[in-house]
Amino acid sequence: MLGRGVKKIPERRVRIRLREGIPENTIYVSSKLAGELGIKDMAQVSVSGKKLTLRVLISEDLPEGEVWANADFMRKNGISDNSMVTLRSA
């Protein structure tokens, strides 16, 4: 039937880990998590009313419940290490 419901935007709560050596405005996401959320090249990270749209690099060796981000960039935006964030495809 047409108009039965609105498509739900898939999202997931994950831990954000701050790392040196990751390019600014970029996050590393596990391949399994990226596949589950349909993330290709851009993702949105939301935490405490802030929404950041970031470039995504997919990595095989990351834990599924974590994303890695540039430490300095995230601290400038008020996000600390090991914070719970909502990740969704952008």
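Before any of the text, the structure's been laid out above.
Draft legend 1. Representation of the side chain of S59 in the model. You can see S59 is positioned in strand 4 (residues 50-59). Classification of S59 by relative accessible area gives buried; the value is 13%. Each residue touching S59, except ones within four places of it in the same chain, is listed here: Y28, V29, S30 and S31.

Draft legend 2. Inspection of the side chain of T86 at higher detail. Relative to the assigned elements, T86 resides in strand 6 (residues 83-89). Classification of T86 by relative accessible area gives buried; the value is 10%. Side chain to side chain, T86 and R13 meet in a polar contact 3.4 Å long. When sequence neighbours within four positions are dropped, the list of residues in contact with T86 reads E11, R12, R13, Q44, V45 and S46.

Draft legend 3. Seen up close, the pairing of strand 2 (residues 26-30). Most of strand 2 sits out of view: four of its five residues are buried. In this sheet, strand 4 lies alongside strand 2 in parallel orientation, the contact comprising five bridges. Note that in strand 4 the partner of S30 across the bridge is S59. By the bridge criterion, three bridges tie strand 2 to strand 5 (residues 66-70) in an arrangement that is antiparallel. Bridging across to strand 5, V29 finds its partner in V67.

Draft legend 4. Structural view of the packing of aromatic side chains. Tallied over the full model, the rule gives zero aromatic pairs. When the ring centre of W68 is taken as reference, the NZ or CZ atom of R19 above it lies at 4.6 Å.

Draft legend 5. Local environment of the sheet that holds strand 1 (residues 11-19). Here we have six strands rolled up into a closed barrel, ordered 1-5-2-4-3-6, and mixed in their pairing. For this sheet, the mean inter-axis angle between neighbouring strands, taken without regard to orientation, is 45°. One ladder, built from five bridges, connects strand 1 with strand 5; its direction is parallel. Counterpart to R19 in the pairing with strand 5 is N70.

Calculation rules
- Residues numbered from 1 in each chain as written.
- Predicted model: local features only at pLDDT ≥ 70, side-chain atom pairs only at ≥ 80, totals over all residues.
- Heavy atoms only, no water.
- Helix = DSSP H or I, 4+ residues; strand = E, 2+ residues; numbered from the N terminus.
- Buried < 20%, exposed > 50% of the residue type's maximum accessible area, 1.4 Å probe, protein only.
- Contact = heavy atoms within 4.5 Å.
- Polar contact = N/O pair within 3.5 Å; in protein donor to acceptor, adjacent residues only side chain to side chain.
- Pairing = 2+ DSSP bridges.
- Phe/Tyr/Trp six-rings, centres within 6.5 Å; stacked < 30°, edge-to-face > 60°.
- Lys NZ or Arg CZ within 6 Å of the ring centre and 35° of its normal.
- Axes fitted to C-alpha atoms, helices over the stretch in contact; angles between N-to-C directions.

Note that every value here comes from positions in space, so none of it alone points to a role or purpose.
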